[in-house]
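# A look at the structure
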Amino acid sequence: MTNTNFEYIGKKYTSGGLDTDNFIVLEYDEYYRLQNVEELPLFLTRLAPVGRLIRETPPLRVQSSTVKRISEPLADGSVTVTVHISCSTRYDTLETDVFGNPVSENTPPWFLRPTEFRIVSATQEESVKCVWPGVSSITSYGGFRIEFLSKDDPVPFMNSAGELLDATVSRGLAQMSFSYNLQYVNPNATWLYCFKTNKYNTVICDLDFPERTVLIQNISMDKKCDYNNNGSVRWTYYKVQIQLLLDPDTFNKDYHNVGSHIKDGGGLAKLWRWNRGRSYGSLADYYESQYTDGEEIPGLMYLNKNGDSISGFDGQGNQIPVYLNGCIFEPIDFISLNLPRVR
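This section reports on the structure supplied with the text. (Residues numbered from 1 in each chain as written. Predicted model: local features only at pLDDT ≥ 70, side-chain atom pairs only at ≥ 80, totals over all residues. Heavy atoms only, no water.)

### Considering the overall build of the chain
Helices and strands together make up the secondary structure of the chain, namely 3 helices and 26 strands. Looking at the chain alone, contacts between residues at least 24 apart form 61% of all its contacts between residues at least 6 apart. (Helix = DSSP H or I, 4+ residues; strand = E, 2+ residues; numbered from the N terminus. Contact = heavy atoms within 4.5 Å.)

### What about the environment of L207?
For L207, the position within the fold is in strand β14 (residues 207-209). Put simply, L207 and T66 are 141 residues apart on the chain and 38 Å apart in space, counted from C-alpha to C-alpha. Residues within four places of L207 in sequence aside, it is in contact with I119, M176, T202 and R343.

### A word on unusual backbone geometry
In most cases, non-glycine residues show a negative phi, while peptide bonds are predominantly trans. Positioned with a positive phi, F195 is a non-glycine residue whose angle comes to about 60°. Tracing the backbone shows F195 in the loop between α2 (189-192) and β12 (197-198). Although it is not a glycine, R276 adopts a positive phi angle of roughly 55°. Mapped onto the elements, R276 comes out in the loop between β21 (272-274) and β22 (279-281).

### Here we look at the side chain of H84
Here H84 shows up in strand β5 (residues 79-88). Judged by relative accessible area, H84 falls into the buried class, the value being 17%. A polar side-chain atom of H84 sits 2.8 Å from a polar atom in the side chain of D29. Among all residues touching H84, those that are not within four sequence positions of it are T14, E27, Y28, D29, S64, S65, T66 and K68. (Buried < 20%, exposed > 50% of the residue type's maximum accessible area, 1.4 Å probe, protein only. Polar contact = N/O pair within 3.5 Å; in protein donor to acceptor, adjacent residues only side chain to side chain.)

### Considering the sheet that holds strand β23 (residues 295-296)
Judged by pairing direction, the sheet is antiparallel, and its 3 strands sit side by side in the order β22-β21-β23 without closing on themselves. Pairing within the sheet leaves two strands with one partner each, and these edge strands are β22 and β23. Here 3 bridges tie β21 to β22, and the two strands are oriented antiparallel to one another. The partner of W272 across the bridge, within β22, is G281. (Pairing = 2+ DSSP bridges.)

### Section: the packing of aromatic side chains
A full pass over the atoms with the stated rule returns 15 aromatic pairs. Aromatic side chains Y13 and Y28 sit 5.8 Å apart centroid to centroid with 70° between the ring planes, which places their arrangement in the edge-to-face category. Within this pair, whereas Y13 is found in strand β1 (residues 6-18), its partner Y28 is found in strand β2 (residues 24-34), the two being separated by 15 residues in sequence. Accessibility expressed as a relative area gives 41% for Y13, which makes it partly exposed. (Phe/Tyr/Trp six-rings, centres within 6.5 Å; stacked < 30°, edge-to-face > 60°.)

Next comes the structure, spelled out in structure tokens:
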């Protein structure tokens, strides 16, 4: 980028004091001479950015940089620009870097702690697989009524005939977001890593997350340049903003192991039932049984873990649910994102 042709003249303190929370506030003017007023737009990009550390005792942070006055052009066309700087000891980052060292004006931006840290509650819709009965379940045996299931115990989400019911429910999660600086980053991360979950245990902003409990929802990054008073480049880096979804139960989910076919001889065979609904298997199994009341099963049934038969039935004649467990989001190593370990 072409350097703006200007000269730093000096500065003058204009006011100072304490705010209502006893943070130091300080204001001063800086003076520059531009060879041409048309260079003002490019000159503005060289102003001290918000958050720049100013070496004072104690150190101050820039709160704003504003052009206050522009003189009339001199005979050679140059102008004098007055920039008003507001500073304060109030800032939302700790005055130590990510390594625990005191922050100074020589601390690279990528050593600074993350900012704009925030955690809020979030919700996620997912399929219902069980329900807690409103009353205790009872049954009869030998003329006696026997309570066999407490209402505090979950039961499969089925109707009284044992058929699967389909519904979704909102479940509480958490959403975490923050900004941090990196010296180098792959810009393709904004689309390569979205909706991926952590493959390994990871520490982010002082929080320890087991594998598959963090989901990257959004990544954005801006290339930044900080400049010295003479317009030379001080730091070049990337400001990364990231939004994560946190699930303490992991993003592994149980899903119904249901189907209308079973494995049979290396292939798939349609499910049939016979013997008054007591026997299940393939069409070939039905022929071998020599029963004549067979029918193809029109709906879905729970399969066993191997997928070569259906699951069993409980004492009430309801099929015992079988679930498979897995994650629909690809697990990846978060190491390339260099997420901050401290807050």
